[in-house]
Amino acid sequence: MPEKDISAQYVPAHVGIIMDGNGRWAKKHLQPRSMGHRAGAQNFRTITRYASKIGIKFLTVYAFSTENWSRPADEVGALMGLFKDYLREALRDFMDENIRVRFIGDVSAFSPDLRELIAEVEKASASKTGMVLNLAMNYGGRAEILRAVQCFAGEVQAGRRSPEDLTEELFDGYLYTAGQPAPDLIIRPSGEQRISNFLLWQCAYAEFVYFDLLWPDFKTGDLDRAIAIYNSRQRRFGGV
């Protein structure tokens, strides 16, 4: 249950979470790294359902970065397997939730069967009217910005736009998160205090909250605590 001082009007509309610390959790528990990712995936399900329950409108979770391909092949393979398990579960069970699932990132790099599952989940949840869950997979903030620039440049080259047309608002429309509000709050467990190439354009005025605990240990009460910290801050967006 959420803490008593958290009501719907104070819940940030868009929350981003960098799900970090699965490998260290596994090491701490004397288990292989794949078990840490499995524990993290289970926690992701719990936190996602809770975020929807307390009224968060958009939840963006960092599941797999463009840099994660450099990890050992067996670890990457285990992660791909977990993604498939989650997507099959989503098609079987998660559709009972009023959550629309979207994928942000370059999914073309994934195997054909994983891409097929991604397309199935997006299609099956497209009519949902509740929280939007953005799964950042093969995602990098720099790559997203470059992609947006290339899309705009292509329209200029085709004569549909001119360079003078470009504004921040127009640029937003070329991003994976087009049509969504910028994140209000970004949470990073694991004790690390860096952005790690996550939502670089969108996070310009987000509030950041860091926790010195590993992602599998991040509980619903910690999300409540992050929201309470968010509410304790004054957001001036560069003003007074």
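Our subject in this report is the structure included herewith. Going along each chain's sequence as written, the residues are numbered from 1 onward. Residue-level local features of this predicted model are given only where pLDDT is at least 70; pairs of side-chain atoms are given and counted only at 80 or more, and the full residue set underlies all totals for whole chains, interfaces and linings. Here the side-chain values reflect all heavy atoms present in the structure, with hydrogen atoms and water set aside.

## Points about the overall build of the protein
1) Next: Here a helix means four or more residues in a row that DSSP labels H or I, a strand means two or more in a row labelled E, and each is numbered from the N terminus. If you tally the helices and strands in the protein, you get seven helices and six strands.
2) Next: Taken from the N to the C terminus, the helices and strands of the protein come in the order β-α-α-β-α-β-α-β-α-α-β-β-α.
3) Next: Relative to the globule expectation of 18 Å for 240 residues, the C-alpha radius of gyration of the protein, 18 Å, shows essentially globular dimensions.
4) Next: For the protein, the C-alpha atoms occupy an extent of roughly 60 × 50 × 35 Å along the three principal directions.
5) Next: Only protein chains enter the accessibility calculation, which uses a 1.4 Å probe; a residue is then buried when its area is under 20% of its type maximum, exposed when over 50%, and partly exposed in between. Buried positions account for 46% of the 240 residues belonging to the protein.
6) Next: Counted over contacts in the protein with a minimum sequence separation of 6, partners at least 24 positions apart contribute 76%.
7) Next: What sets the accessible areas is the Shrake-Rupley method with a 1.4 Å probe; for residues, cover comes only from the shown protein chains. Of the accessible surface of the protein, which amounts to about 12,200 Å², a share of 51% is contributed by carbon and sulfur atoms. When we talk radius of gyration, it's over C-alpha atoms, and the globule rule is simply 2.2 Å times the number of residues to the 0.38. Note on definitions: a residue-residue contact is assigned when non-hydrogen atoms from the two residues lie within 4.5 Å.

## Description of the sheet that holds strand β6 (residues 207-210)
1) Next: Between any two strands, pairing holds if DSSP finds at least two bridges. Strand order across the open sheet formed by six strands is β3-β4-β2-β1-β5-β6, with parallel pairing between neighbours. Sheet topology places β3 (100-104) and β6 at the edges, where each strand pairs with a single neighbour. Adjacent strand axes in the sheet meet at a mean angle of 20 degrees when their direction is disregarded.
2) Next: Relative to strand β2 (residues 58-65), strand β1 (residues 14-18) runs parallel, the two sharing five bridges. Every angle, taken between N-to-C directions, lies between 0 and 180 degrees, and every axis is a line fitted to C-alpha atoms, over only the stretch in contact when it is a helix.

## Brief notes about the packing of helix α3 (residues 73-92) against helix α4 (residues 112-125)
1) Next: Where α3 contacts α4, the axes come no closer than 10 Å and their chain directions differ by 30 degrees. Taken together, the axis directions place α3 and α4 in an arrangement best described as roughly parallel. α4 is crossed by α3, and the crossing has left-handed handedness. From α3, Met80, Phe83, Lys84, Leu87, Arg88, Ala90 and Leu91 reach across to α4, where they touch Asp113, Leu114, Leu117, Ile118, Glu120, Val121 and Ala124.
2) Next: Note that Gly is not counted as nonpolar here; it falls among the polar residues with everything else outside the nonpolar set of Ala, Val, Leu, Ile, Met, Phe, Trp, Tyr, Cys and Pro and the charged set of Asp, Glu, Lys and Arg. Split by residue class, the contact of α3 with α4 holds 10 nonpolar, no polar and four charged. Small angles under 35 degrees read as roughly parallel and large ones over 145 as roughly antiparallel, with 65 to 115 read as roughly perpendicular and the rest as oblique. Crossing handedness is read from the near helix: turned anticlockwise from the far helix by less than a right angle, it gives a left-handed crossing, and turned clockwise, a right-handed one.

## A short note on the nonpolar core
1) Next: Formed by 45 residues in total, the largest nonpolar core has its most connected members in Ile17, Ile56, Tyr86, Leu133, Leu135, Ile187 and Leu223.
2) Next: Among the elements that line this core, the one with the most residues is α3, at seven residues. Buried Ala, Val, Leu, Ile, Met, Phe, Trp, Tyr and Cys residues form a nonpolar core when they are joined through side-chain atoms within 4.5 Å.

Functional significance is not addressed by these values, which are geometric in nature.
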